[in-house]
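Summary of structural features
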Amino acid sequence: MSSLQREIEARGERIFTLVDQHPESLFSKAGFYQGMMALSMRDEHFKVQLFRFVDVLPSLRRSSDIVEHLEEYFAGIRNGFAPFIDTGVRLARIVPWVSGRVLRWNVSGMARQFIAGKNPNDVMKTLRKRRAQKIGFTVDLLGEAVVSEKEADEYAARCLDLLDGLGRETRGWTDALEKNSALFPVVNLSVKISALYSQMNPADPADAIAHLAPKLRPILRRARELGAFINFDMESYVHKNITLELFKTIFTEKEFKDWPHAGIVIQAYLRDAEANLRDLISWAHARGTRFTVRLVKGAYWDYETIKSRQNGWDCPVYFQKPESDVNFEELTRLLLKNESIVTAAFGSHNVRSIAHGQALADELGVDRSRFEFQLLYGMAGPIKRALVEMGYRVREYCPVGELLPGMSYLVRRLLENTSNEGFLRAKFSENVSADELLRDPKELVRQNRANLSETTIPAITEDRAPKNGASIESPPGDIYENSPLVNFVYQESQEKMRTALHEVRNRFGEKYPLVIGGEKVWTDKLTPSVNPSAPKEVVGYVAEAGIPEAERAVKVARAAVDKWSRTPFEERARLLERAAAIMDRRRYELSALEVLEVGKPWAEADGDIREAMDFCRFYAEQMRQIGRPRLTQHVPGEESYQHYWPRGVALVIAPWNFPIAILCGMVSAALVTGNTVIMKPSEQSIICGAMLMEIFQEAGVPPGVLNFLSGRGSVIGAHLVDHKDVDLIAFTGSREVGLRIWESAGITRPGQRELKRVVCEMGGKNPVIIDSDADLDEAVVDSTYSAFGYQGQKCSALSRLILLEENYDRVMERLLSATGSLRVGNPEEPGIMVGPVIDEAAYKRIQEYIEIGKSEATLAYQAKEVPPEGYFIPPTIFTGVKPNMRIAREEIFGPVLSVIKVRDLDKAFEVANGTDYALTAGFFSRSPADIDRAKAEIEAGNVYINRSCTGAVVGRHPFGGFKMSGGGTKAGGADYLLQFLLPRVVTENVTRHGFAPEETPEYRDEFLWPQR
Ligand SMILES: Cc1cc2nc3c(=O)[nH]c(=O)nc-3n(C[C@H](O)[C@H](O)[C@H](O)COP(=O)(O)OP(=O)(O)OC[C@H]3O[C@@H](n4cnc5c(N)ncnc54)[C@H](O)[C@@H]3O)c2cc1C
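All values reported here derive from a predicted model rather than from experimental measurement.

For helix α21 (residues 491–506), which comprises 16 residues, the first-to-last C-alpha distance of 23 Å matches the rise-based estimate of 22 Å (1.5 Å per residue) to within 8%. When we look at burial in α21, the residues that qualify are S493, Q494, M497, A500, L501 and V504. Taken around the axis of α21, the buried residues stretch over an arc of 125 degrees, which confines them to a single face. Turned more than 90 degrees from where α21 packs its buried face, Q491, E492, H502 and N506 sit exposed. Residues of α21 that are buried sit in contact with α9 (205–226), α24 (587–598) and α25 (602–626).

Inspection of the region around the ligand gives 31 residues, with G298, S324, S348, N350 and F423 positioned closest. Take W301: an N or O atom from its side chain is 3.3 Å from a nitrogen atom of the ligand. In the model, an oxygen atom of the ligand is placed 2.9 Å from a nitrogen or oxygen of the R413 side chain. Protein chains bury 94% of the 940 Å² of accessible surface belonging to the ligand in isolation. Listed by contribution, the elements that provide at least two residues to the shell around the ligand are β4 (262–267), β5 (291–296), α13 (321–337), β7 (372–376) and α16 (407–418). Taken together, the residues of the shell around the ligand break down into 13 nonpolar, ten polar and eight charged.

With that settled, consider the packing of aromatic side chains. Across all of its chains, the model carries 31 aromatic pairs by this definition. By way of ring pairs, the aromatic residues F232, F247, F251, F256, W259, W283 and F291 are connected into one cluster. Here the guanidinium or amino end of R271 rests over the ring plane of F319, the centre of that ring lying 5.1 Å away. The lysine or arginine in question, K901, covers the ring of Y808, its NZ or CZ lying 4.5 Å from the ring centre.

Glancing now at unusual backbone geometry. Located in the positive-phi region is N431, a residue other than glycine, with phi close to 50 degrees. Within the secondary structure layout, N431 lies in the loop between α17 (423–429) and α18 (434–437). For N431, a relative accessible area of 61% puts it in the exposed group. The backbone of N946 sits at a positive phi, close to 55 degrees, despite the residue not being glycine. Of note, N946 is situated in the loop between β28 (942–945) and β29 (962–963). Exposure remark for N946: the relative accessible area of 27% places this residue in the partly exposed category.

This paragraph deals with the sheet that holds β7. Strand order in the closed barrel formed by eight strands is β1-β2-β3-β4-β5-β6-β7-β8, and the pairing between neighbours is parallel. Averaged over all pairs of adjacent strands, the angle between strand axes in this sheet comes to 30 degrees, irrespective of strand direction. Bridge analysis of β5 against strand β6 (residues 342–347) gives five bridges, and the strand direction is parallel. Looking at the pairing, F291 lines up with V342 of β6.

Below, the discussion takes up the pattern of salt bridges. Scanning the entire structure with this criterion turns up 80 salt bridges. The salt bridge partner of D207 is R823, with a shortest N-O separation of 3.3 Å. In this pair, D207 sits in helix α9 while R823 sits in the loop between α31 (808–820) and α32 (840–856), placing the two residues 616 residues apart along the sequence. With respect to class, D207 is no different from R823; both count as buried. Residue K844 pairs with E840 through a salt bridge whose shortest N-O separation is 3.4 Å. Of this pair, K844 and E840 are both found in helix α32, four residues apart, which corresponds to roughly one turn of the helix. By relative accessible area, which is 49% here, K844 ends up partly exposed. A relative accessible area of 42% places E840 in the partly exposed class.

Turning our attention to the environment of A176. Inspection of the secondary structure puts A176 in the loop between α8 (149–169) and β2 (188–191). Using a relative accessible area of 39% as the deciding quantity, one classes A176 as partly exposed. Through-space distance from the C-alpha of A176 to that of G357 is 20 Å; in sequence the pair is 181 residues apart.

About the thresholds
Residues numbered from 1 in each chain as written. Predicted model: local features only at pLDDT ≥ 70, side-chain atom pairs only at ≥ 80, totals over all residues. Heavy atoms only, no water. Helix = DSSP H or I, 4+ residues; strand = E, 2+ residues; numbered from the N terminus. Expected span 1.5 Å × (residues − 1). Buried < 20%, exposed > 50% of the residue type's maximum accessible area, 1.4 Å probe, protein only. Arc of directions from axis to C-beta. Contact = heavy atoms within 4.5 Å. Near = heavy atom within 4 Å. Polar contact = N/O pair within 3.5 Å; in protein donor to acceptor, adjacent residues only side chain to side chain. Areas by Shrake-Rupley, 256 points an atom, 1.4 Å probe, with all protein chains shown as cover. Nonpolar A, V, L, I, M, F, W, Y, C, P; charged D, E, K, R; others polar. Phe/Tyr/Trp six-rings, centres within 6.5 Å; stacked < 30°, edge-to-face > 60°. Lys NZ or Arg CZ within 6 Å of the ring centre and 35° of its normal. Pairing = 2+ DSSP bridges. Axes fitted to C-alpha atoms, helices over the stretch in contact; angles between N-to-C directions. Salt bridge = Lys/Arg side-chain N within 4 Å of Asp/Glu carboxyl O.

Nothing here speaks to function; it is all geometry.
Next up, the structure:
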């Protein structure tokens, strides 16, 4: 055993001895809270329900609501809590206000466990008590989620007030150790950076810093005047780089360069924590002034792992708990070794981590008065006391604020206290032995690795989450893995995007041909495609097809059907996968093209390319699933096999709003199923169409199998729809054109072989309902995003926000200021959320609707400033909208939101379902019963609960609507390819004179290929 380990054990045991002298359970508050936590640790389902109930409770205003929620959350729970519920519910039926109040009081008690005071005055009581116990403080203002600049400004003002109050109330207080006190001001404020700017976008650190620095400077100045300390807390990974950058930028400014009382947090659970700490240390040397680092493991582990899995990102946190512990110790060493420039504050309740810090400081000769331990209010009281007794400086992190804004903090603490992996639970709840608790985490990492079989090790050590395992039982979407989104948190991704934008700009004005039968075809007309942010800029030109080219395309496509339909589906699937790989290689370039040709913000453009790749890979896998003739049923003496033939020639007509994804989705589905294709991109996104053609050509699509026709929908589109040799039309676009196609395709023309199949996806008038108990932090942000993201030009976009009378005012107040804070501008700039609408016609049409809105309803908000050039329409909100008004019924396809006030939830569902459309819908609620109702009753192809109603992911959210939104097909779903196929069953009597083979193969490939 190393001498350091020996010393750590000695220190640890000493702490445990001191802790045991003042026995206290994990939770210093007994009674209700203790009982709840104990049950949570035993019963995972109960824990989920309890935390959800705790989360919703502060927003419930009536006692009857509280009791209803109690019943909904805990119905069916059969554990020690059941009698309590039953009694509560019985009592509630008699006197609802009593039980409601009792519950609220108890849950507030839970919160009071972790929240040091409701307001600055209130917190002083706690701080004085702690002072008597020789414990210092850092105060944190609760209220992390700000949805608007108004709320962010309020947070900044509250920070200033708090500083003033603390300065006043602690005059004359001195540092408890009275040694090296200059390093540790008494007044210490922890600031959450995300609460100071509502529009932080990871892709745009410069914008964030430009907005944050002016808000921080007055706080820093006041702190300096008062001799106080300011700490930047660290939040989720998405804000990390900006927080670090901001810290370095502002404390390099002349005014603050020589000010040592600034600190920042490093989270040891992050894989890049060491690189960040090293960078900060070199920065500090260059700056020439010391600063502080609070070293913690990190509070967002669950969130980071969920988020990165959802988006296919490399997970930024370690997967094994001991890995975080090891990293914490390594970073402790780095901090203590650089003590000359950085003051360490160790934020941990883990006695091993603490003892390690102590022992290492001694080994390195760092005096105990030159660093401190920080612990959270309401947790690990005996450890704080032990550390004080041992002569260390202890500071308590004291959150201040009301319960509602403090909810996310409270839930993080509850999670931490009940975590299987956590030290506190192990020590105070499960009484794990001191030996075990003080073990070197490196040993545990080694042991864990050895215990894992070779096949599972990559899942732990590699960054990427394990692949979905496909099996018969797996959900259909699990047959493949979605491509990751680009994570614009990384500077490298931002730079690649900037370079790509530059390169695409350099190619502005290039000309692209039609492609028919594998040949480039030029016509005497070129169609320009312009940048909607700057319509004078021509992104490129494409040859314009007329009727002769359309005829030629049908002819070659028809001629190619025979061979292509008999090409093994495996080969066709591989074509799609090669196309996806090319898109992956050209990913930034294609995204940049979308920014410039159709005005998509960065992340939206990237999402579109991801979706295109996903379509290719998903349909390739899907085709493998359904490609072979499959036995329909086991029956003696007879064999029946069902399989599919392609329909023939497919015409694909796509919109401009997902210019590569939707075009690629329909084309790839048609191709992989063995149809030949004529693809016609939207007139507004022809360069994207030309790029997709290039990609499929490079991927090796045979001549004639895919043909690229750019031209006027009213000319070639209409001609092709009516063509007797076109067997299938896959269309996504407006209702007007969709219905025309549907009708026209129903007419059988002379010489036509097949009944035409139409795969038709049209628009929506999508509602979102916000229930009275919804989490408004989420509901407001997601609703503004759903309504105004990509200028409301998604068919899934929110256009009718349905609010209950009960919370109308609260929602509107936040919604209006949140919308007023959105960044409107040229989407070439990273972080812009609202760019231009697609073209002049759209601009005029939307303006007309705004005028209609003004005459029908009340204009509640319209942004004032938009760029002077380009087709920019400011985000616009109408209130006083009635369900029968035009702005509530007709699809506007722009950044215009109608707000409809209704009496209650019954009416809300009625209004939501009361249009011609049924594409997407959203519902925000924390009532399990209301959520169940929404799931059952809302008429929409895609119903989204407690999230935005846009952003469908292939395989995960098969997308498409019904009523006047579409024919009921689901792009990116398991049954989509069937639309492009004709099912066929071949039955053979295999009995000969009463004798039949005993076994029937599950698949037969002999009659797979059509002779047509
Ligand atoms: C005063 C103070 C201030 C803090 N400020 C911040 C802050 O600004 N930002 C912030 O993010 N956190 C902050 N924290 C840290 C955080 O809130 C937790 O308190 C801390 O991570 C718990 O660590 P521990 O050493 O006390 O406990 P331990 O029980 O030793 O560690 C628990 C931690 O291990 C990590 N972990 C859990 N499971 C795994 C796993 N499977 N794989 C890898 N790692 C895992 C997590 O970080 C978890 O919180 C602060 C903590 C304190 C005490």
